[in-house]
Amino acid sequence: MSSTLLFVIVGRNEPLYEAEFHKRGGAGASSDAATRQNYFVLHSALDLVEKAAWATSGMYLKVVDKVNNQHVSTFLTAGNVKLLLLHNGRSEDSIRHFFQDVYELYVKLSMNPFYRYDTPIKSTDFDTRVRAIARRYLLQS
Amino acid sequence: MATKASSTMASASSVGNVLWHKQSKVNAELFALTYGAMVGELMRDLEKTDKIQEELDRMGHSIGIRCIEEFLAKSAAEHQGVSVGAALKSQMFTDTSELLKASLKMFLGVTAESTIKSDTSYTITLVDNPLTIFVELPEDRSELEYSQLLCGMVRGMLEMLQYDVTCKMTQSQLKGSEVNEMLIDLKQVLQEGAGEDYHDE
């Protein structure tokens, strides 16, 4: 359960993208209750994101909330889209690199004339690449 | 005369290179985004994929008939009087592939390859397409030929040279192929002179 990372992209009104990352060799899909709790933690952290946004002028907001053993890190894009990661104490550096790479991907996606801003992200290409980035930065044993 | 013509042919691609360097340029991202915005608008206005493609083809056609004049004029200036177009008038249809490659280089900066299939058809292959740098086709539009404008442009250019052709994309990187390929087929050679509208009754 704690080897699962949850990554959500939140737009103005609704989540635009969700992905769970599991450590290789760890447990398979986490139980339903755990997943629901994870989502709850992430969404309740949204208010704290707003607060933290005013404290710094950068886009990477680091850890905005800590519940039990789980941290919520955030990256706030220039278009007010929030990239949220629920984790259990990864290094700041790897999380920052993860966010930066995903942000670049997101920018490229938004340049696609067929993608409208603030709509759910359905591109399978985007999904594959996000998972590859997660594997590279977050799932190193 | 034949040797002079063939040496003109051989340097058609170098003509393209020289002309490209002399042209003033526009930012590639701006160009791609503008084209994307236009396709997006067409999608909102017309909704049906085949209507959108028809419209793109029509737009390309009107661009092509203007581009060919500019290309021939500039290449004549470059070639000190022996224009690539003039040399082509007496040649075969398949020689227009050289002219197309040079003009694609001049206007879009893309280097194209051509493969002659028969006396009346050939294919032009592009490895990069400057129109599609950020594009990913959504699933419900997988039929859309995004670069149809290029096909229309080719059709317009060849029409001004009195060749009535059909041009369509046979391979597209947006649809999963390695390269982009256009197939150009000659339907008929148009007679010189004004069109039907201008004939006396």
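Residues numbered from 1 in each chain as written. Chains lettered and ligands numbered in written order. Predicted model: local features only at pLDDT ≥ 70, side-chain atom pairs only at ≥ 80, totals over all residues. Heavy atoms only, no water.

Novice: Before we go on, may I ask you to explain the overall build of chain B in this structure?
Specialist: Looking only at helices and strands, chain B features seven helices and four strands. When the helices and strands of chain B are listed from N to C terminus, the series reads α-α-α-α-α-α-β-β-α-β-β. For chain B, buried positions account for 46% of its 201 residues. Carbon and sulfur atoms form 51% of the exposed surface of chain B, whose accessible area is close to 10900 Å². (Helix = DSSP H or I, 4+ residues; strand = E, 2+ residues; numbered from the N terminus. Buried < 20%, exposed > 50% of the residue type's maximum accessible area, 1.4 Å probe, protein only. Areas by Shrake-Rupley, 256 points an atom, 1.4 Å probe, with all protein chains shown as cover.)

Novice: Is there a simple way to think about unusual backbone geometry in this case?
Specialist: Among all residues except glycine, the phi angle is most often negative; among peptide bonds, the trans geometry is most common. If you check the backbone angles, Lys62(A) has positive phi at about 55° while not being a glycine. Summarising the element assignment, Lys62(A) is placed in strand β3 (residues 60-67). In this structure, Gln162(B) takes a positive phi of about 75° despite not being glycine. Of note, Gln162(B) is situated in the loop between α7 (148-160) and β3 (163-171).

Novice: Quick question: what am I supposed to make of the nonpolar core here?
Specialist: Soluble globular proteins tend to pack their nonpolar side chains together in the buried interior. Residues and elements named next belong to chain B. If you look at the biggest cluster of nonpolar residues, it comprises 43 residues, and the most contacted ones within it are Leu158, Met182 and Ile184. With seven residues, α7 is the single largest residue contributor to this core. Those residues in contact with Ile184, other than ones at most four positions away along the chain, are Phe93, Leu100, Thr120, Ser121, Tyr122, Ile124, Val154, Leu158, Val165, Thr166 and Cys167. (Core = buried A, V, L, I, M, F, W, Y, C linked by side-chain atoms within 4.5 Å. Contact = heavy atoms within 4.5 Å.)

Novice: Help me understand the environment of Val127(B) in this model?
Specialist: Residue and element names in this part refer to chain B. Structurally, the position occupied by Val127 is in the loop between β2 (121-126) and α7. Between the alpha carbons of Val127 and Glu139 there is a distance of 23 Å; along the sequence they are 12 residues apart. The residues contacting Val127, other than those within four sequence positions of it, are Gln173, Val179 and Asn180.

Novice: Could you clarify how one ought to interpret helix α6 (residues 96-108) of chain B in this entry?
Specialist: Residues spaced three or four apart along an α-helix point in a common direction, a consequence of the helix completing one turn every 3.6 residues. Residues and elements named next belong to chain B. Compared with the 18 Å implied by 1.5 Å per residue over 13 residues, the 18 Å span of α6 between its first and last C-alpha is a close match. Most of α6 sits out of view: 11 of its 13 residues are buried. Within α6, the full set of buried residues consists of Thr96, Ser97, Leu99, Leu100, Lys101, Ala102, Ser103, Leu104, Lys105, Met106 and Leu108. Just past α6, the residue Gly109 takes up positive phi, approximately 75°. (Expected span 1.5 Å × (residues − 1).)

Novice: Is there a simple way to explain the interface of chain A and chain B in this structure?
Specialist: Frequently, the measure chosen for interface size is the accessible area removed from exposure when the parts meet. Counting from both sides, the interface comprises seven residues of chain A and, opposite them, 13 residues of chain B. Buried area between chain A and chain B, both sides added, is near 870 Å², and the carbon and sulfur share of it is 68%. The largest per-residue losses of area from chain A upon contact with chain B belong to Met111(A), Pro113(A) and Phe114(A), which jointly make up 67% of the total buried on that side. Seen at the junction of chain A and chain B, the total is zero salt bridges. Counting across the chain A and chain B interface gives two residue pairs in polar contact (both at pLDDT 80 or more). Of the residues assigned to the side of chain A that touches chain B, the class counts are three nonpolar, two polar and two charged. (Buried area = accessible area lost by both parts, 1.4 Å probe. Salt bridge = Lys/Arg side-chain N within 4 Å of Asp/Glu carboxyl O. Polar contact = N/O pair within 3.5 Å; in protein donor to acceptor, adjacent residues only side chain to side chain. Nonpolar A, V, L, I, M, F, W, Y, C, P; charged D, E, K, R; others polar.)

Novice: Help me out: how do you make sense of the pattern of salt bridges in this one?
Specialist: Proximity of charged atoms lets side chains of opposite charge pair with each other. For the coordinates displayed, the defined rule picks out 12 salt bridges over all chains. The partner of Arg131(A) in a salt bridge is Asp127(A), and the shortest N-O contact between them spans 3.3 Å. With Arg131(A) and Asp127(A) both in helix α4 (residues 124-137) and four residues apart, the pair spans about one turn of that helix. Using a relative accessible area of 31% as the deciding quantity, one classes Arg131(A) as partly exposed. The closest approach of N and O atoms between Lys74(B) and Glu70(B), which form a salt bridge, is 2.8 Å. Taken together, the residues Lys74(B) and Glu70(B), both in helix α4 (residues 49-78) and four residues apart, mark about one turn of the helix. Using a relative accessible area of 34% as the deciding quantity, one classes Lys74(B) as partly exposed.

Novice: How do you make sense of the packing of aromatic side chains when you look at a structure like this?
Specialist: Aromatic ring pairs are defined here through the distance separating the ring centres and the angle between the ring planes. Counting across every chain of the model gives 13 aromatic pairs over all chains. Both rings, one in Phe75(A) and one in Tyr103(A), keep their centres 5.1 Å apart while their planes meet at 45°; by these two values the pair is tilted. With Phe75(A) in strand β4 (residues 70-76) and Tyr103(A) in helix α3 (residues 92-110), this pair connects stretches of sequence that are 28 residues apart. For the pair shown, Phe75(A) and Tyr103(A) are each scored as buried. By the ring-pair criterion, three or more aromatic residues cluster together here, those being Phe7(A), Tyr17(A), Phe21(A), Tyr60(A), Phe75(A), Phe98(A), Phe99(A), Tyr103(A) and Phe126(A). In this structure, Lys25(B) packs its charged tip against the face of Trp20(B), placed 4.8 Å from the ring centre. (Phe/Tyr/Trp six-rings, centres within 6.5 Å; stacked < 30°, edge-to-face > 60°. Lys NZ or Arg CZ within 6 Å of the ring centre and 35° of its normal.)

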